[in-house]
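Topology and contacts: notes
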Amino acid sequence: MATVWRSQYAFARFFVGKTVRILNNASDLGARLKPESISIPFSRKYSNYASSPFVSKIQEQYEFEIVKNPPEWGYVERLLPLETVPQIKPKESYPSGWIAPKEEAKNLPYYIARNKNHQIPIYLEIGYRGQRKITKIKKIEGDIWLMNDLIKDYLKNKCNRYIETRVHEIGKFIDVKGDYVNILIDWAHSQGF
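Below: a short report on this structure.

Criteria and cut-off values
Residues numbered from 1 in each chain as written. Predicted model: local features only at pLDDT ≥ 70, side-chain atom pairs only at ≥ 80, totals over all residues. Heavy atoms only, no water. Phe/Tyr/Trp six-rings, centres within 6.5 Å; stacked < 30°, edge-to-face > 60°. Helix = DSSP H or I, 4+ residues; strand = E, 2+ residues; numbered from the N terminus. Buried < 20%, exposed > 50% of the residue type's maximum accessible area, 1.4 Å probe, protein only. Lys NZ or Arg CZ within 6 Å of the ring centre and 35° of its normal. Pairing = 2+ DSSP bridges. Patch = residues over 30% accessible without salt bridge, like charges linked within 9 Å, V, L, I, M, F, W, Y side chains within 5 Å. Areas by Shrake-Rupley, 256 points an atom, 1.4 Å probe, with all protein chains shown as cover. Salt bridge = Lys/Arg side-chain N within 4 Å of Asp/Glu carboxyl O. Lys, Arg positive; Asp, Glu negative; His and termini not counted. Charge placed at Lys NZ, Arg CZ, Asp CG, Glu CD.

Details of the packing of aromatic side chains
Going through the model one piece at a time under the given rule, you end up with five aromatic pairs. Plain terms: the ring middles of Y111 and F193 are 5.6 Å apart, the flat faces sit at 80 degrees to each other, and that makes the pair edge-to-face. Here Y111 is found in strand β1 (residues 110-112), whereas its partner F193 is found in the segment after α4 (181-191), with 82 residues between them in sequence. Looking at Y111, the relative accessible area reads 23%, which means it is partly exposed. Considering the side-chain rings of W187 and F193, the 6.3 Å spacing of their centres and the 55 degrees angle between planes classify their relative orientation as tilted. Assigned by exposure class, W187 and F193 land together as buried. Taken together, Y110, Y111, W187 and F193 form an aromatic cluster joined through their ring pairs. It is K136 that lies over the ring of F173; its NZ or CZ is 3.9 Å from the centre.

Quick look at the structure:
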């Protein structure tokens, strides 16, 4: 048995022009209902520009004044996001485990630049509903082919199997077939990146 939902307006329209017995209202027994006698409040929704009414004069709800440099603006600035990521203050160790880049890494023939959040740009891309995993090393400067050979040797010794890679020289990134993000981040830290 299906339940039929009706709005008040549709329910009242059903009884227009009929002699009905209205329950719980003894004075209206046997009365005929007319469209004018039905008073059901409903809101009209304007679906397009042509059917909507003209806008009358809008009153300003709030009075305000424009001040160029109010002292309260300091409270608002604290809540706004920073436009740039601030520089990191050098410490011996950080609570998050983050490792700062070393100056010796700039002397190598290849280099991995950090991203704007000061992280090493090594990411995992998952495709084909989780069946294909590719580790991507981005922002590589210098001799990308030498770096590719070193990564292959490192992963072959670490994982005891051959690892496939793809070098994109113009895009400055290397794709490694498989999920080797943590291993390659450790390798990048050991190189000083």
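Thoughts on the pairing of strand β5 (residues 165-168)
Across four bridges, the pairing between β5 and strand β6 (residues 173-177) is antiparallel. The residue bridging H168 from the neighbouring strand is F173, located in β6. Between the antiparallel neighbours β5 and β6 lie four residues, among them K172 with a positive phi of about 60 degrees.

Thoughts on a negative patch on the surface
Together, D143, D149, D153 and E169 line one region of the surface with negative charge. Here D143 is to be found in the loop between β4 (140-142) and α3 (144-159). Take D143: its relative accessible area is 34%, and that puts it in the partly exposed class.

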